[in-house]
Amino acid sequence: MRTPIRTPKRPTFRPHPPQSTTLSNTTAGTSCFDANHIDVTTIEDLEQVGSDKWTRYPGCIGAFIAEMDYGLAPCVAEAIEEATERGALGYIPDPWKKEVARSCAAWQRRYGWEVDPTCIRPVPDVLEAFEVFLREIVRAGNSIVVPTPAYMPFLSVPRLYGVEVLEIPMLCAGAGESSGRNDEWLFDFDAIEQAFANGCHAFVLCNPHNPIGKVLTREEMLRLSDLAAKYDVRIFSDEIHAPFVYQGHTHVPFASINRQTAMQAFTSTSASKSFNIPGTKCAQVILTNPDDLELWMRNAEWSEHQTATIGAIATTAAYDGGAAWFEGVMAYIERNIALVNEQMRTRFAKVRYVEPQGTYIAWLDFSPLGIGDPANYFFKKANVALTDGRECGEVGRGCVRMNFAMPYPLLEECFDRMAVALEADGLL
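Residues numbered from 1 in each chain as written. Predicted model: local features only at pLDDT ≥ 70, side-chain atom pairs only at ≥ 80, totals over all residues. Heavy atoms only, no water.

**Overview of the nonpolar core**
- One finds Phe196, Phe203, Ile333, Leu364 and Phe366 to be the most contacted residues of the largest nonpolar core, which totals 103 residues.
- Ranked by residue count, the leading element in this core is helix H15 (residues 323-345), at 10 residues.
- The residues contacting Phe203, other than those within four sequence positions of it, are Ile144, Val145, Pro147, Phe187, Ile192, Phe196, Leu224, Val233, Arg234, Ile235 and Phe236.
- In terms of nonpolar packing, the next biggest core, distinct from the first, is built from 27 residues, Val126, Ala202, Leu287 and Trp296 among them. (Core = buried A, V, L, I, M, F, W, Y, C linked by side-chain atoms within 4.5 Å. Buried < 20%, exposed > 50% of the residue type's maximum accessible area, 1.4 Å probe, protein only. Helix = DSSP H or I, 4+ residues; strand = E, 2+ residues; numbered from the N terminus. Contact = heavy atoms within 4.5 Å.)

**What about unusual backbone geometry?**
- In this structure, the amide linkage connecting Thr148 to the following residue, Pro149, adopts the cis form with an omega of 5 degrees.
- By secondary structure assignment, the location of Pro149 is in the loop between strand E3 (143-148) and helix H8 (153-160).
- The linkage connecting Asn207 with the following residue, Pro208, adopts the cis geometry, with an omega of -5 degrees.
- Relative to the helices and strands, Pro208 resides in the loop between strand E7 (202-206) and helix H10 (218-231).
- Backbone geometry places Lys281, a non-glycine residue, at a positive phi of 60 degrees.
- Within the element layout of this structure, Lys281 appears in the loop between strand E9 (265-270) and strand E10 (283-286).
- Looking at Lys281, the relative accessible area reads 36%, which means it is partly exposed.

**Topic: the sheet that holds strand E12 (residues 361-365)**
- Reading across from one edge, E11-E12-E15-E14 is the order of the four strands in this open sheet, with antiparallel pairing throughout. Of all strands in the sheet, those bounded by a partner on one side alone are strand E11 (352-353) and strand E14 (387-388).
- In terms of strand pairing, E11 meets E12 through two bridges, oriented antiparallel. When the bridges of E12 are listed, Arg352 appears paired with Asp365. (Pairing = 2+ DSSP bridges.)

**Structural notes on the packing of aromatic side chains**
- Taken as a whole, this structure holds 27 aromatic pairs when the rule is applied.
- Pairing Phe133 with Phe266 gives two aromatic rings, centres 5.3 Å apart and planes at 55 degrees, and the pair type is tilted. Taken together, the residues Phe133 in helix H7 (residues 126-138) and Phe266 in strand E9 connect sequence positions 133 residues apart.
- On the accessibility criterion, Phe133 (0% relative accessible area) is buried.
- Look at Phe266 and you get buried, because its relative accessible area is 1%.
- Within the aromatic cluster, the residues linked to one another by ring pairs are Phe33, Tyr70, Trp107, Phe244, Phe275, Tyr319, Trp325, Phe326, Tyr332 and Tyr360.
- Arg335 extends its terminal NZ or CZ atom over the ring of Tyr332, reaching a point 5.5 Å from the ring centre. (Phe/Tyr/Trp six-rings, centres within 6.5 Å; stacked < 30°, edge-to-face > 60°. Lys NZ or Arg CZ within 6 Å of the ring centre and 35° of its normal.)

**Focus: the pattern of salt bridges**
- Inspection of every chain in the model, using the stated rule, returns 25 salt bridges.
- In this structure, the salt-bridge partner of Arg335 is Asp39, at a minimum N-O distance of 3.2 Å. Here Asp39 lies in helix H2 (residues 35-39) and Arg335 lies in helix H15, a separation of 296 residues in the sequence.
- Given the relative accessible area of 22%, Asp39 is considered partly exposed.
- Here Asp94 ties to Lys98 by a salt bridge, and the two come within 3.4 Å at their closest N and O atoms. (Salt bridge = Lys/Arg side-chain N within 4 Å of Asp/Glu carboxyl O.)

**Considering the confidence of the model for the protein**
- Overall, the prediction assigns the protein a mean pLDDT of 92, with 91% of residues at 70 or greater.
- Within the model, pLDDT remains below 50 along residues 18-29, and this stretch shows 18 contacts once partners closer than five positions in the same chain are excluded.
- pLDDT under 50 marks residues 175-180. Its contacts with residues more than four places away, or in other chains, come to nine contacts. (pLDDT = per-residue confidence, 0-100.)

**Some details on the layout of surface pockets**
- As a volume, the largest pocket reaches approximately 800 Å³.
- Of all the secondary structure elements, the ones that give two or more residues to the lining of the largest pocket are H7, helix H16 (374-382) and E14.
- Broken down by element, the lining of the largest pocket gets its largest block of residues, three residues, from H16.
- For the lining of the largest pocket, a count of residues per class yields 18 nonpolar, seven polar and 10 charged.
- The computed volume of the second largest pocket comes to approximately 420 Å³.
- If you go around the second largest pocket, you meet 23 residues; those closest to its centre are Val49, Asp69, Tyr70, Gly71 and Asn276. (1 Å grid on protein atoms, 1.4 Å probe; cavity = no way out; pocket = protein on both sides within 12 Å on 5 of 7 lines; lining within 4 Å. Points joined across faces, edges and corners; volume = space filled by probe spheres on them. Nonpolar A, V, L, I, M, F, W, Y, C, P; charged D, E, K, R; others polar.)

Given below as structure tokens:
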């Protein structure tokens, strides 16, 4: 007699809530961010941590890769430790995908956006979301507008998918022979419309804008949206730097403005910048166009599969319990940007510079000093590693991208090293 095969009941799985979330909630109002500890962190300490930023060029001050040197929020560290103790390092399960979506949607309320968690999907990083956008929506043989200077992969990755990049330089209102302290970056809407009229149907919106720190106004985004509606253009909206906005400016998610922007937007964001967890590999794509969500569920399974479970756990802990710690981070970064602005007004007054409205990145134009390759100049003469502006577009010749999210004393040393090099060559 054949024994009947019993199908076992599928167990109900619920993500194990990180202990750190409870800790953070019970210590509301306490940032747990130790600025004094950050201030005494040395180059040697950072090299021991072992990040690419501080090990690629030993002895140099790392100001090129866009990550912070402020450690982890306690809630994130505890969640990661607790997860590893449980051995929660397998492939990402559906319950954790839902937790990421829920916590990401809750975080968006900081910007006044009530977004449905069911349209939020996990992805390893913003670039993977961008690749899906290029492959599935733009498609090979077409083109995409990228305002420059731009985040470097926005210029290089499209070509891997047979997509032509149309660089459109940003305008600097009021720019001239002055250093531009009160200037502002603006879109060249005439050039953008001409590109759309010529048949381009895709646009990269980076807001806040890496590497110039521009925070777009609602009015600017509505003007872009109206042009996109006129010419049937889709918008890839990178909002990874959204939390880093300075006083007097406000981040407005592009898709949150109205139904038209929601249908145009293909939004991606992540906790990786604000909580310094890029190595955990978990970002989010927010698909407010139902057709995009359907396409994603049909064609992006393997993109989701590459998302790390440990990243989902860290991200959920960050969004749920890290707000107070992040406020401490912002206070520290605001102190740093005040130093950057002061240095550019005084010792580096000959360098063209527009004060960032957001991000922890500064764009420095050394062309008035006659330096064609400042990244190489400061690497060799000052032991400071910066991003070559030419990687950010043709407009970047003579410029560098500088990450100032480092310990304040190291930022002071960074400027000192650069000034000494320039003074030795009679350029300051």
